[in-house]
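If you want the building blocks of each chain, they are given just below.
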Amino acid sequence: MAFGAGHHLQLIDGSGFIFRAFHALPPLTRKSDGLPVGAVSGFCNMIFKLVEDAKGPDAPTHVAVIFDHKGKTFRSDIYPEYKANRPPAPEDLVPQFGLIRDATRAFNLPCIEVEGFEADDIIATYARLAVEAGGRATVVSSDKDLMQLIRPGVDMIDPMKNRHIGPEQVEEKFGVGPERVIDVQSLAGDSVDNIPGAPGIGVKTAALLINEYGDLDALLERAEEIKQPKRRQTLIEKADQIRLSRDLVTLRTDTPLDRDLDSLEVRDPEPEAALGFLAEMEFRTLTKRIAEKLGAPMPEINDTPKALEDAGDGAAPEADPALTAAFEDAVYEKVTDAAGLQAWLDRITETGHVAVDTETTGLDEMRADLVGVCLSVAPGAACYVPLAHVDGEGSGDLFGGGERAAGQMDREEALAMLRPMLEDPAILKIGQNMKYDWKIFRRYGITVAPIDDTMLLSYAMHGGLHRHGMDELSERYLNHSPIPIKSLLGTGKSARTFDRVPVDEAVNYAAEDADITLRLWKMFKPQLHKAQVTRVYESMERPLIPVLADMEMRGVKVDRDHLSRMSNAFAQKMAGLEAEIQEKAGRSFNVGSPKQLGEILFDEMGLEGGKKGKTGAYATGADVLETLAAEGHEIPALVLDWRQMSKLKSTYTDALQDHINPDTGRVHTSYVISGANTGRLASTDPNLQNIPVRTEEGRRIREAFVAEEGNILLSLDYSQIELRILAHIADISALKEAFRDGLDIHAMTASEMFGVPIEGMDPMVRRQAKAINFGVIYGISAFGLANNLRIPRDEAKSFIDTYFERFPGIRTYMDRTVEEAKEKGYVETLFGRRIHTPQINAKGPHAGFARRAAINAPIQGTAADIIRRAMVRIPKMLAERELPGQMLLQVHDELIFEVPESAADALSDAVTEVMEGADLPVIKLDVPLTVDSGRGKNWAEAH
DNA sequence: TTCTTCACG
DNA sequence: GACGTACGTGAAGAAT
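The structure presented is a predicted model; accordingly, all values stated were derived computationally and were not measured.

How each quantity is defined
Residues numbered from 1 in each chain as written. Chains lettered and ligands numbered in written order. Predicted model: local features only at pLDDT ≥ 70, side-chain atom pairs only at ≥ 80, totals over all residues. Heavy atoms only, no water. Helix = DSSP H or I, 4+ residues; strand = E, 2+ residues; numbered from the N terminus. Buried < 20%, exposed > 50% of the residue type's maximum accessible area, 1.4 Å probe, protein only. Lys, Arg positive; Asp, Glu negative; His and termini not counted. Salt bridge = Lys/Arg side-chain N within 4 Å of Asp/Glu carboxyl O. Polar contact = N/O pair within 3.5 Å; in protein donor to acceptor, adjacent residues only side chain to side chain. pLDDT = per-residue confidence, 0-100. Contact = heavy atoms within 4.5 Å. Patch = residues over 30% accessible without salt bridge, like charges linked within 9 Å, V, L, I, M, F, W, Y side chains within 5 Å. Areas by Shrake-Rupley, 256 points an atom, 1.4 Å probe, with all protein chains shown as cover. Charge placed at Lys NZ, Arg CZ, Asp CG, Glu CD. Domains from an automatic or database assignment. Axes fitted to C-alpha atoms, helices over the stretch in contact; angles between N-to-C directions. Parallel < 35°, antiparallel > 145°, perpendicular 65-115°, else oblique. Nonpolar A, V, L, I, M, F, W, Y, C, P; charged D, E, K, R; others polar. Near = heavy atom within 4 Å. Pairing = 2+ DSSP bridges.

## A closer look at the side chain of Glu894
- Here Glu894 lies in strand 22 (residues 894–900).
- Buried within the structure, Glu894 lacks any salt-bridge partner; its nearest side chain of opposite charge belongs to Arg702, at an N-O separation of 4.7 Å.
- Reaching out from Glu894, the side chain makes a polar contact with the side chain of Trp939 at a distance of 3.4 Å.
- In this structure the side chain of Glu894 is engaged in a polar contact, spanning 3.3 Å, whose partner is the side chain of His943.

## Quick word on the confidence of the model for chain A
- The share of residues in chain A with pLDDT of 70 or more is 96%, and the mean pLDDT across the chain is 91.
- With pLDDT under 50 throughout, residues 307–317 is counted as low confidence; its partners more than four residues away or in other chains account for 12 contacts.

## Details of a negative patch on the surface
- On the surface, a cluster of negative charge is made up of Glu168, Glu171, Glu172 and Glu179.
- Checked against the element boundaries, Glu171 lands in helix 6 (residues 167–174).

## Quick word on the domain arrangement of chain A
- Entries for chain A in the domain assignment read domain 1 (8–264), domain 2 (271–303), domain 3 (327–555), domain 4 (557–667), domain 5 (716–720 + 863–942) and domain 6 (722–860).
- Placing the centre of domain 4 and that of domain 5 at their C-alpha centroids yields a distance of 37 Å.

## Side note on the packing of helix 24 (residues 544–554) against helix 37 (residues 845–880)
- Between helix 24 and helix 37, the least distance of the axes is 9 Å, while the angle of their chain directions is 70°. Our classification of the angle between helix 24 and helix 37 gives roughly perpendicular. Contacts from Leu544, Val547, Leu548 and Met551 of helix 24 reach helix 37 at Arg868, Met871, Val872 and Pro875.
- Classifying every residue of the contact of helix 24 with helix 37 by side-chain character gives 7 nonpolar, no polar and 1 charged.

## Observations regarding the protein's contact with DNA strand B
- With respect to spatial proximity, 20 residues lie near DNA strand B, and among them Thr615, Ala622, Val693, Arg694 and Asp893 are the closest.
- In DNA strand B, the atoms that sit within 4 Å of the protein are 76% sugar and phosphate, with bases accounting for the remainder.
- In the model, a phosphate oxygen of DNA strand B is placed 2.9 Å from a nitrogen or oxygen of the Arg643 side chain.

## Structural notes on a positive patch on the surface
- Together, Arg811, Lys822, Lys843 and Arg851 give the surface a local cluster of positive charge.
- In this fold, Arg851 is placed in helix 37.

## Overview of the pairing of strand 9 (residues 370–378)
- For strand 9, the buried fraction is high: 8 of the 9 residues fall into the buried class.
- The pairing of strand 8 (residues 353–360) with strand 9 spans 6 bridges and is antiparallel. Within strand 9, the residue paired with Glu359 across the bridge is Gly372.
- With 6 bridges joining them, strand 9 and strand 10 (residues 381–386) adopt antiparallel strand pairing. By the bridge assignment, Ser376 is partnered in strand 10 with Ala382.
- Counted along the chain from strand 9 to the antiparallel partner strand 10, the turn is 2 residues long, and its residue Gly380 has a positive phi close to 85°.

Next comes the structure, spelled out in structure tokens:
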């Protein structure tokens, strides 16, 4: 039945409630892990009360919970300063935004937001629609801005005070009736929202004037008649500003809406979902009350403080049988037409979340084409939408094949249908390695949001225990081995691309991936809080996806000719060296073969110092060859030269040319968010985090990384960030002071250790101190230091002893960290990232590795966290300040930007500010973070 | 597929 | 007492 007379729409101002409840209610945290849930609790109580009260003739027949969409609204376009002086949301409130949306869905209530509009506009629009349809509406809010909506058919309830707001209350507040509220607000302005109004006129005066002249237009027209000179002048001079204020305070009643009134019909809550959520929040009383009300059994609540629980033994958590059961029984549907797809979209709207997976023609997101899309809404319930399969089994050649396969939707039509769902802020899109799918959709003009990523959920919770690929996660947590992609595509020469896989074969593989992703999400998401890594995931993993995707899609311009010229030069030099080496060796052999080289040097030539490794081959690494060269042998020195040329040519000057995208002329790397255990990123295809810099010849490769015409490359890097973090974590006051005073940290260390003055210090002494400083970060050992400094081991040991004597805090830190790892099974960064250390209690040589890794992880990991935090903030900041220029690359402690020359100074200052403050507000380091910068037409100049 | 080597922070 | 080590990565080429 269509919404109309007799129907009653309840519009709940979700966003308004969040802020009011957060500030009005005492702080409340979840017992097991300290997650702030005060506003969530208040919200659930309110919802419960509304449901309770909703009996009898006044009961709402339709209901919706409305939220502000994040980001700017149309009001900022009219007036850029609108809400510009709003401070960011309190740290404890941020995680509750998402939780309250979760709560809404758990209670089976529609959760509505619209990009570019405020919740108030949506409420105003629905209220208008309800009245026009002959029904009525009740606004549930404490926000005075909504009082302008009150009229016959539109009521208001204050959920905080639990009282009705009618014309009398409005009169009390504004001195006028609801229909004149806009006029008063336009004059009085609002300092919270930064609405200017008429200077010097507050609500009292505004009401007086409006009551005297009837309405705002009349007042402005007859402003000359005002007796008080000051007031008169203001109203005449500021008429435009007052009209602008009116545009800002007037709520829009034409907000574009995805859902019509009928779709908001009241649905009964599903006890399982609602109680499950409440139990997860550990609201004992409320869970009990609602369980009774719904006539459902009280779920078990485990609120044992996490610290008391045995954690991190590496064992897989017990799986919910619903998630692991019966992959064989799953029925995967092939969607071939619009009606079929619409049915799935309807299911998704109802569920509020969906697992999404794309199938493409290749692994390079910048070049691969979309072949199909899979969707899953529940375990075992998934579909595949084939879009671009071609016929012709095994005929990727010139003849036959290439015909579009039958029974597929048109790609544009399907994407047009999927787009609203993929961009709907109220529908969560879940992916495994979502950055990949995000980029694919982005190339078709769709920006997927909001998103969750099972790979990153696993990374946040299980970092260090195992890798986070889908096959691994599925086997480990779902006890199911997915269909290998190779069984469809084949391997080697006979491999085909996914579009050549027959549709019916593709359905099961593709849909299974979406199914697995959904099951993993259902298992992982509720565990996030218990693992106490919600903040890590929410602030350093999830928001990084679009940031990195943008960087990768932008790419960096590379000068092919420069690389090509270098390749030729290297080829010539190598040929010369090769001839010389073979001549001196007396026979020809493969200079690139360590095995053959070892045999030449140590067997045929009989050089000393040949050591065989565990595979029985001689070691011929650079350190071995350097020792031999220093003894005066020619071949090792020549081989070292040859190796350098060979490395630079094959890995860089040749390979980078192949990575230049023909469409963009730029190189697009991929960052692996979950690649490194410590929280660092990894860069692949190509790796742009190991472009040479340490040798003169290698550095010239950086000249090939250039800025577009009129732009420059800007490099900003953290100075000594890991040592600063060490100084903070280990609380070494001498180091902290040195950093605060901007001293040369290695010289200072040497001075402290050896009692020599910094002035006129022997560079060798400083070098040794530097090696020790770095060694400490790596979990120092006498052997390693001796190797690095090429000094006897006992000498290295005495250095270390001296160091520990002078800085006893370092040893305390190392012992404490190893102890923590043994006890808990993980170590933590300052921002709460957990790195598991499953090998820490091992015996044998493994133990040493694990020990040093545990010592290093909090230091390297904290540095990685800091730059991640900066990277998440930078694009927002650049957009807010309207600074041109873009972030291109990250190299662990360095960010590289491309920026118009004219904006370089401004961008450099702004980014430096963000980077240097990236530890705030979660923690405040005892040492300053400092950022150095460089710039130039190419990366060599910028570094 | 595994090992060795070497590029980076 | 011997083992065999600096931490974290990815790519190329040879060997298996």
